[in-house]
Amino acid sequence: MSARHDRIASDDARCTEALVGASEIRSLDEVGRRLVITLRDHQEQLFRDVVDRGIIERSFTTPYPREAARAIINMGCSIATWYRPGGELSPDELADRYATLALETVGAVPTDTPPTDRTPGRPTPDPTPTAERPNT
């Protein structure tokens, strides 16, 4: 089982918690809200780092790396709002579909394409970690 399948299965197991966490942040006290925001920001940074690295390595061509990372995160989080075990898709089928959608979102270049033949990505992201950049 791949990491993407583990993520879907893990999300499926925590659907209720993910849905409540995403929709009820406003109901938390200040300490709880700061904790959830810190965890959310850390998750986003992990995704942004992967997308930025993919662009630097010319594996991804998205002109919008920040938005692509957020879109992928939100696609995964939205599963909690509609997925039900025993439904039309198994967790593996869902993981395969969402992996395809995520790769298309970042403009993934087929792995059998030599790096010199790859369509160059849009502006190469600043290699400075996003957290250290102003206004990001």
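What counts as what
Residues numbered from 1 in each chain as written. Predicted model: local features only at pLDDT ≥ 70, side-chain atom pairs only at ≥ 80, totals over all residues. Heavy atoms only, no water. Helix = DSSP H or I, 4+ residues; strand = E, 2+ residues; numbered from the N terminus. Buried < 20%, exposed > 50% of the residue type's maximum accessible area, 1.4 Å probe, protein only. Areas by Shrake-Rupley, 256 points an atom, 1.4 Å probe, with all protein chains shown as cover. Phe/Tyr/Trp six-rings, centres within 6.5 Å; stacked < 30°, edge-to-face > 60°. Contact = heavy atoms within 4.5 Å. Expected span 1.5 Å × (residues − 1). Polar contact = N/O pair within 3.5 Å; in protein donor to acceptor, adjacent residues only side chain to side chain. Salt bridge = Lys/Arg side-chain N within 4 Å of Asp/Glu carboxyl O. Axes fitted to C-alpha atoms, helices over the stretch in contact; angles between N-to-C directions. Parallel < 35°, antiparallel > 145°, perpendicular 65-115°, else oblique. Left-handed = near helix turned anticlockwise from the far one by under 90°.

### Details of the overall build of the chain
Thought 1: When you go through the chain residue by residue, the secondary structure sums to 5 helices and 0 strands.
Thought 2: Written out in order from the N terminus, the α and β elements of the chain read α-α-α-α-α.
Thought 3: The buried share of the chain, reckoned over its 136 residues, is 28%.
Thought 4: If you sum the accessible surface of the chain, you get close to 9000 Å²; carbon and sulfur atoms cover 57% of it.

### A closer look at the packing of aromatic side chains
Thought 1: According to the stated counting rule, one finds 1 aromatic pair in the structure shown.
Thought 2: Relative to Tyr83, the ring of Trp82 lies with its centre 6.1 Å away and its plane at 75 degrees, an arrangement referred to as edge-to-face.
Thought 3: A residue is classified by how much of its surface remains accessible, and Trp82, at 41% relative accessible area, is partly exposed.
Thought 4: Judged by relative accessible area, Tyr83 falls into the buried class, the value being 5%.

### Quick look at the environment of Leu28
Thought 1: Note on placement: Leu28 falls in the loop between α2 (15–23) and α3 (30–56).
Thought 2: Ignoring sequence-local partners within four residues, the contact set of Leu28 consists of Arg33 and Val36.

### Thoughts on α3
Thought 1: For α3, spanning 27 residues, the distance from its first C-alpha to its last is 38 Å, which sits close to the expected 39 Å at 1.5 Å a residue.
Thought 2: Of the positions making up α3, those classed as buried are Gly32, Glu44, Gln45, Arg48, Val51, Asp52, Gly54 and Ile55.
Thought 3: Next to the buried residues of α3 lie α4 (65–82).
Thought 4: Between the side-chain oxygen of the N-cap and the backbone nitrogen of Val31 there are 3.2 Å, and the N-cap of α3 in question is Asp29.

### With respect to the pattern of salt bridges
Between side chains of opposite charge, a pair can form when the charged atoms approach closely.
Thought 1: Under the defined criterion, the tally for this structure stands at 5 salt bridges.
Thought 2: In this structure, the salt-bridge partner of Glu44 is Arg70, at a minimum N-O distance of 3.0 Å. You can see Glu44 sitting in helix α3 and its partner Arg70 sitting in helix α4, a full 26 residues away along the chain.
Thought 3: For Glu44, a relative accessible area of 13% gives the class buried.
Thought 4: Here Arg70 falls in the partly exposed class, since its relative accessible area comes to 35%.
Thought 5: A cluster of three or more residues bridged by salt bridges with shared partners is formed by Glu30, Arg33 and Arg34.

### A word on α4
Thought 1: Compared with an ideal rise of 1.5 Å per residue, which puts 18 residues at 26 Å, α4 spans 27 Å between its outermost C-alpha atoms and is within 8% of the ideal.
Thought 2: Looking at α4, one finds that the buried residues are Pro65, Ala68, Ala69, Ile72, Ile73, Met75, Gly76, Ile79 and Ala80.

### Considering unusual backbone geometry
Thought 1: Positive phi, close to 65 degrees, is recorded for Arg58, a residue that is not glycine.
Thought 2: Considering the arrangement of structural elements, one finds Arg58 in the loop between α3 and α4.
Thought 3: Given a relative accessible area of 31%, Arg58 falls into the partly exposed group.

### Things to note about the packing of α3 against α4
Thought 1: Packing of α3 against α4 leaves a shortest axis separation of 9 Å and a crossing angle of 130 degrees. Judged by the angle between their axes, α3 and α4 are oblique. When you trace α3 past α4, the crossing you get is right-handed. Between α3 and α4, the contacting residues are Gln43, Glu44, Phe47, Arg48, Val51, Asp52 and Ile55 on the first element and Pro65, Arg66, Ala69, Arg70, Ile72 and Ile73 on the second.

None of this, on its own, says anything about what the molecule does.
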